[in-house]
Amino acid sequence: MTYDLMTYDLVVIGGGAAGVAGALSAAQRGLRVALIDSGARLGGQYFRHPAVPPHPATSGLDRFVRQTRALSERAELLLGHQVWSVSREPGGDLTVHCVTTPGDGSGERPVEVRGRRLLLATGAHDRPLPFPGWDLPGVLTAGGAQALLKGNGVVAGQRVVVAGTGPFLLPVAAGLAAAGARVLGVHEANGGLGLARHPVLALAKAGEAASYALSLARHRVPYRPRTAVLAAHGGDRLEAVTVARLDRDWNVLSTRRVACDTLATGYGFTPQTDLGVQLGCDTRRDADGSPVLAVDDRQRTGVPGVWAAGEPTGVGGWRLAELEGRLAGLAAADDAGLAAAGESAAREAGAALPEVLVRRRDRMRAFARALLEAYPVKDGWQGWLRDDTLVCRCEEVPLSRLREAQDLGATDARSIKLLARPGMGWCQGRICGYPVACLAGEEPAPPRRPVVQPITLAALAEDLSAEPPTGGPS
Amino acid sequence: MTFQITIDGRPVPVTPGQTIGAALHAAGVRSWRTTRFGGRPRGLFCGIGVCFDCLVTVNGRPPERACLLEARPGDEVTTS
Amino acid sequence: MSDVIVVGAGVVGAACAYYAARAGLDVTVVDRGPVAGGTTGAGEGNVLVSDKEPGPELDLALLSNGLWRELAETRGGFEFEPKGGLVVAETGEIQAQLTGLAGKQGVEHRIVAPTALRELEPHLADGLAGGVFYPQDAQVQPMLAAARLLRHGADSYGHGTVRLRLGVTVTGFIRSGDRVTGVRTDKGDLLGGAVVNAAGTWGGEIAALAGAALPVLPRRGFILVTEPLAEPLIRHKVYTAAYVTNVASDSAALETSAVVEGTQAGTVLIGASRERVGFDRTTSVPVLARLAEQAVALFPALRGVRVIRSYCGFRPYCPDHLPVIGADPRAPGLYHACGHEGAGIGLAPATEHLLAQLLTGREPDLDLHPFRPDRFPEEPR
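Residues numbered from 1 in each chain as written. Chains lettered and ligands numbered in written order. Predicted model: local features only at pLDDT ≥ 70, side-chain atom pairs only at ≥ 80, totals over all residues. Heavy atoms only, no water.

## Considerations on the packing of helix H3 (residues 142–152) of chain A against helix H4 (residues 169–178) of chain A
All names here are of chain A. Which entries qualify depends on this criterion: Helix axes are fitted only over the stretch in contact, all axes being lines through C-alpha atoms; the angle between N-to-C directions runs from 0 to 180 degrees. Comment: elements are numbered from the N terminus, with helices defined as DSSP H or I runs of at least four residues and strands as E runs of at least two. For classification, angles of less than 35 degrees are called roughly parallel, those exceeding 145 degrees roughly antiparallel, those between 65 and 115 degrees roughly perpendicular, and all remaining angles oblique. Handedness of a crossing follows from how the near helix is turned relative to the far one, being left-handed for an anticlockwise turn of less than a right angle and right-handed for a clockwise one. Contacts are assigned to residue pairs with any non-hydrogen atoms lying within 4.5 Å of each other. Side-chain classes are defined by residue name, with Ala, Val, Leu, Ile, Met, Phe, Trp, Tyr, Cys and Pro counting as nonpolar, Asp, Glu, Lys and Arg as charged, and the others, Gly among them, as polar.
One can describe the packing of H3 onto H4 by two numbers: an axis separation of 10 Å at closest approach and a directional angle of 40°. Taken together, the axis directions place H3 and H4 in an arrangement best described as oblique. As for the relative orientation of H3 and H4, their crossing is left-handed in sense. Counting all contacts with H3, which are made through Ala-142, Gln-146 and Leu-149, the residues of H4 involved are Leu-169, Pro-171, Val-172, Gly-175 and Leu-176. Of the residues belonging to the contact of H3 with H4, the class tally is six nonpolar, two polar and no charged.

## Quick word on the packing of aromatic side chains
All names here are of chain A. Worth spelling out the cut-off: Aromatic rings from Phe, Tyr and Trp, with only the six-membered ring used for Trp, were paired whenever their centres fell within 6.5 Å, and each pair was classed as stacked if the ring planes differed by under 30 degrees, edge-to-face if by over 60, and tilted otherwise. As a reminder, the over-ring test applies to NZ of lysine and CZ of arginine, requiring each to be within 6 Å of the ring centre and within 35 degrees of the ring normal.
Evaluation of the coordinates by the stated rule reveals 15 aromatic pairs over all chains. Counting every residue linked through ring pairs, the aromatic cluster contains Tyr-46, Phe-47, Phe-64 and Trp-318. The lysine or arginine in question, Arg-127, covers the ring of Tyr-434, its NZ or CZ lying 4.2 Å from the ring centre. Across from the ring centre of Tyr-46, 4.2 Å away, lies the NZ or CZ of Lys-150, which sits over that ring.

## Considerations on the side chain of Glu-64 of chain B
This is how it is decided: We define a polar contact as two N or O atoms separated by no more than 3.5 Å, with the added condition that, inside protein, one atom must be a possible hydrogen donor and the other a possible acceptor, whereas residues neighbouring each other in sequence contribute only through side-chain atom pairs.
Within the secondary structure layout, Glu-64 of chain B lies in strand S6 (residues 64–65). Side chain to side chain, Glu-64 of chain B and Arg-61 of chain B meet in a polar contact 3.0 Å long.

## Re the interface of chain C and chain A
Think of interface size as the accessible area that goes away when the parts come together; that is how it is often given. Quick note on the threshold: A simple way to read buried area is as the amount of 1.4 Å-probe accessible surface that goes missing from two parts once joined, with both sides added. Basic side-chain nitrogens of Lys or Arg form a salt bridge, by our definition, when they fall within 4 Å of a carboxyl oxygen of Asp or Glu. Each pair of strands is called paired provided DSSP finds at least two bridges between the two strands.
Each partner contributes to the interface: chain C provides 41 residues, whereas chain A provides 41 residues. Regarding the contact of chain C and chain A, the summed buried area is about 3700 Å², with carbon and sulfur atoms giving 63% of it. The three residues of chain C that bury the most area against chain A are Val-285, Ile-308 and Arg-309 of chain C, which together make up 17% of that side's buried surface. At the surface where chain C touches chain A, the tally comes to three salt bridges. For the pair chain C and chain A, the number of links is 11 residue pairs in polar contact (both at pLDDT 80 or more). Within the residue set of the side of chain C that touches chain A, elements represented by two or more residues are helix H5 (142–156), strand S12 (217–226), helix H8 (285–298) and strand S16 (306–317) of chain C. Tallying contributions element by element places H8 of chain C first for the side of chain C that touches chain A, with eight residues. Its residues assigned to classes, the side of chain C that touches chain A comprises 23 nonpolar, nine polar and nine charged. When strand S24 (residues 455–456) of chain A meets S16 of chain C, the two strands line up antiparallel, connected through two bridges.

## Focus: the interface of chain A and chain B
Contacts between chain A and chain B engage 42 residues on the former and 34 residues on the latter. Inspection of the chain A/chain B interface yields five salt bridges. Ionic pairing is found between Arg-41 of chain A and Glu-70 of chain B, a salt bridge with its closest N-O pair at 3.5 Å. Run the count over chain A and chain B and you get 20 residue pairs in polar contact (both at pLDDT 80 or more). Among the elements that take part in the side of chain A that touches chain B, H3 of chain A stands out by supplying five residues, more than any other. Split into classes, the residues belonging to the side of chain A that touches chain B amount to 19 nonpolar, 13 polar and 10 charged.

## Topic: the pattern of salt bridges
Our working rule: When a residue's accessible area, from a 1.4 Å probe over protein chains only, is under 20% of the maximum for its type it is buried; when over 50% it is exposed; and in between it is partly exposed.
By the definition in use, this model includes 43 salt bridges over all chains. Close ionic contact of Arg-127 of chain A with Asp-288 of chain A constitutes a salt bridge, the shortest N to O distance being 3.1 Å. In this pair, Arg-127 of chain A sits in the loop between strand S9 (124–126) and strand S10 (139–141) while Asp-288 of chain A sits in the loop between strand S19 (283–285) and strand S20 (291–293), placing the two residues 161 residues apart along the sequence. Arg-127 of chain A sits in the buried class, given a relative accessible area of 3%. Arg-298 of chain A serves as the salt-bridge partner of Asp-334 of chain A, at 3.6 Å between the closest nitrogen and oxygen. Of this pair, Asp-334 of chain A sits in helix H7 (residues 317–340) while Arg-298 of chain A sits in the loop between S20 and strand S21 (306–308), and the two are 36 residues apart along the sequence. Of the two residues, Asp-334 of chain A and Arg-298 of chain A, neither departs from the other in class, the shared state being buried. Salt bridges sharing common partners tie together Asp-135 and Arg-393 of chain A together with Arg-33, Arg-40, Arg-42 and Asp-53 of chain B.

## As for the sheet that holds strand S2 (residues 10–14) of chain B
All names here are of chain B. Reading across the sheet, the five strands line up as S2-S1-S7-S5-S6 and stay open at both edges, with mixed pairing between neighbours. Strands with a single pairing partner mark the edges of an open sheet, and in this sheet they are S2 and S6. Looking at chain direction, strand S5 (residues 55–58) and strand S7 (residues 76–78) are connected through two bridges and run antiparallel. Paired with Val-58 across the bridge in S7 is Val-77.

## A word on the nonpolar core
As a reminder of what qualifies: For this analysis, a nonpolar core means a set of buried residues of the types Ala, Val, Leu, Ile, Met, Phe, Trp, Tyr and Cys, connected via side-chain atoms within 4.5 Å.
By size, the foremost hydrophobic cluster in this structure holds 133 residues, and its most contacted members are Val-241, Trp-250, Leu-263 and Trp-381 of chain A together with Trp-68 and Val-196 of chain C. For Trp-68 of chain C, the residues in contact, after removing those within four places along its chain, are Val-11, Val-47, Phe-78, Phe-80, Val-140, Ala-145, Leu-149, Ile-345, Gly-346 and Pro-349 of chain C. Ranked by size, the runner-up nonpolar core spans 42 residues in total, among them Leu-460 of chain A together with Leu-120, Leu-124 and Val-260 of chain C.

## Remarks on the state of the cysteines
Worth spelling out the cut-off: Criterion for a disulfide: a pair of cysteine sulfur atoms within 2.5 Å.
Inspection of every chain in the model, using the stated rule, returns zero disulfides over all chains. Considering cysteine sulfurs only, Cys-281 of chain A is the nearest to Cys-98 of chain A, which forms no disulfide, with 17 Å between them.

## Structural notes on helix H10 (residues 399–407) of chain A
Residues and elements named next belong to chain A. In plain terms, the rule: Arc definition: directions from the helix axis to the C-beta atoms.
For H10, the full list of buried residues reads Leu-399, Leu-402 and Ala-405. Mapping the buried residues of H10 onto a view down its axis gives an arc of 120°, with all of them on the same face. Residues of H10 that are buried sit in contact with strand S22 (390–392), strand S23 (397–398), helix H11 (413–420) and helix H12 (433–439). Once H10 ends, the next one or two residues include Gly-409, with phi positive near 115°.

## Overview of the pairing of strand S15 (residues 268–274) of chain C
Residues and elements named next belong to chain C. In terms of burial, S15 is a largely internal element, seven of the seven residues being buried. As paired strands, S12 and S15 are joined by two bridges and run antiparallel to one another. Among the inter-strand pairings, Val-225 is bridged to a residue of S15, identified as Leu-269. Where strand S14 (residues 255–262) meets S15, six bridges bridge the pair, whose relative direction is antiparallel.

## Things to note about unusual backbone geometry
Across the junction of Pro-53 of chain A and Pro-54 of chain A, the peptide omega takes the value 10°, indicating a cis bond. Relative to the helices and strands, Pro-54 of chain A is located in the loop between strand S3 (33–36) and helix H2 (61–74). With an omega dihedral of 0°, the bond running from Gly-271 of chain C to Ala-272 of chain C counts as a cis peptide bond. If you trace the backbone, Ala-272 of chain C turns up in strand S15. One non-glycine residue with positive phi stands out, namely Glu-396 of chain A, at about 55°. The class of Glu-396 of chain A is buried, set by a relative accessible area of 8%. With phi around 55°, Asn-59 of chain B is a residue other than glycine that occupies positive phi space. Mapping Asn-59 of chain B onto the fold places it in the loop between S5 and S6.

## Some remarks on the sheet that holds strand S8 (residues 118–120) of chain A
Residue and element names in this part refer to chain A. Taken in spatial order, the five strands make up an open sheet running S4-S3-S2-S8-S21, and their pairing is parallel. The open sheet is flanked by strand S4 (76–78) and S21, the only strands paired with a single partner. Averaged over all neighbouring strand pairs, the angle between strand axes comes to 20°, with direction disregarded. Taken together, the three bridges between S8 and S21 define a ladder with parallel strand orientation. Residue Leu-119 lies in a different strand from S21, and its bridge partner there is Trp-307. Sheet strands in contact with H7 are strand S2 (10–13), S8 and S21, and its direction is about 165° off that of S21.

See below:
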């Protein structure tokens, strides 16, 4: 069914920092805006907060909550809606196909939201690396541990190890320690707080990093550069991890065992670009090799009427995401104004955006890029795997089956998937796509997912547009 | 201000607004299903609806992601 | 220098390598992509005899069915599942047509009364008028089948018999006078005694490089894949009678019919759609919705089951729905084995068994005349 007959001026997908800022900017300029998010509350990953206070000590959260209040008065908020596809109507409008499950027990139903413009603000998810035992209960992604704490007030464990690479490990460890967990160590596979060594990073991030470092020191949490968790051990839950000292390329120098009940791990983030790829948006390689949506300085993708902001255009954190969202919202509003005035040439070029925002975004973009370069994933991790280590958790595909597929003539990640099934399961390669690409010796391909979220056959069958475009069966 | 759900008949306390996955994890339950080939235990992993490891059976319905599904009073989680 | 150069590492090319090697020939297989990267990698793995009208394609299918069984017994490794196919009728009139077709086919079958349908498929919808069960219908995992046939060919008939050149694009043919003596590629020339065009949907493009017209066109199909089910819900390949008429149709417009089956991985595959829209990969939500609608009409128990992905592929379609198999008189030394539409997996072994007979100068077990490459009228340009 269709949500209503309205065609919105702008439909925003994603209710995090970028989506809310974009929706609000456009709505304040008079556009009819709908914002869709799969969660029960706005916030995305960074501004995740529980249903009832107390709210987590998240920098910027108060302002975000004020923005959401302003937005709820000016825009249609469709929470609890999961987008599974976006399609282009013959007249040029975009239809966002969602499913939602009302609380009345009537089951999942399809919802279609139509817009003249679309803003993709779909965020990112953790990028874990496989290692022996990584599927033991008690091993969480760093973002998963953070979501438990921020969204549910649950401390992930009592004796916690944090491992991976990147600055995100610091707030996760600091948050867990402050909430009462005993954080046994932060294992950064790269050269550590190395921020100071990078001229761009030294200026901008030193303050924030220093405050986390202070917090970790206060809770006596050791921060160990050039170390990593190589393996997780336990019967039906995590009991210990093997921690290793690494060389620059992440080859193992020595190991020791640490008893713990929880591991929070992450090696950067994977931007969620699948809806953009579905629409035919161009992608580019970010500094870490991730495919991200290519946008111009007005946050426009190459596809008419489609903007993108935040992590899908390159991982850069909530501040950058919010700025990009604002710029996208303003650019979409300009576009609507010029369209109404029939100024198609001006529409192509776009009106000027506030210089102060543009400059700040560009500065933060450069900073984000430098940050990615400071925390690369080095090939040495592939040596941590054993033949029986699962690479794909959903289809339970061990490394040996990947190698077998390669031996049978699978020369790229896609044909490894066809022969050995990694990425064919529930998560559609969101988790194993990156490691499988690395193991195949290539950079991850833009994700091709025609069905972005699972949808029941009943809901799919009821999709209103289930009319054939031409002809029909005879 | 808490309420209860059950897992295989055992009570689990819930703070309003918590997901099924968070409530189970907080109660020390780390897994609630096993994989179909290797019989491996699975619980929360990504925690944000991406990995589908935490699929859970609630009130006999088809499996859903425990990390996204908000708990309601009286929900019955079954593990086999 | 090989005896045979096979262009295409899909299931047909792989079978070609296998049967040519078995016949004592040295084979080089070239493909611009990986093994099974084209239509083979987008198929369900159908090995069907039930959906064919009596005639040359059915004869080919029956021969191939036996060969798949033999390969599964002697070689294996590709999830061969002799599950049987059930064609169901929505009305008494359709059931009469199905029964009539089954009588003409001369294929092993059993007429199923409406009351007996649920013995075969417990979750079928109410109100169906009966069906016909074909025990010979089977399924393979097509990508594994292609990969394993190449491997078996390489391992079983002497070291170096089958060479695989992946990521190599054929850009032209080498001629000696009229005769085709090899292929030009982006990685250098390859000489061979004969060249087999097993390029599937792209077979027309390969033929054109030799100056021979072959009207192979893409016919797009979508497949829905469900979440893996704990208990198998569907035991056989089940489809409605409309599938048979759609397969044989010449329409370019969208046609859909319900084709539903379980796989060894626990998922349910749902097809089938046919439309001639070129090589356009854009997902069509209306087509997916229609496939879902037809599947739940046939199996209401699927209503609550979730689709987790879909994919599309391009069947190599010829105007008369028959594959192209045999020597091309317009380019001596060039052989074709392509244009199998949606039946390439099923027909691959027989196609290549017969072609290997031809390549070694023997009389093929079946008359290849109906499949000859020069049977199409030259299109006025």
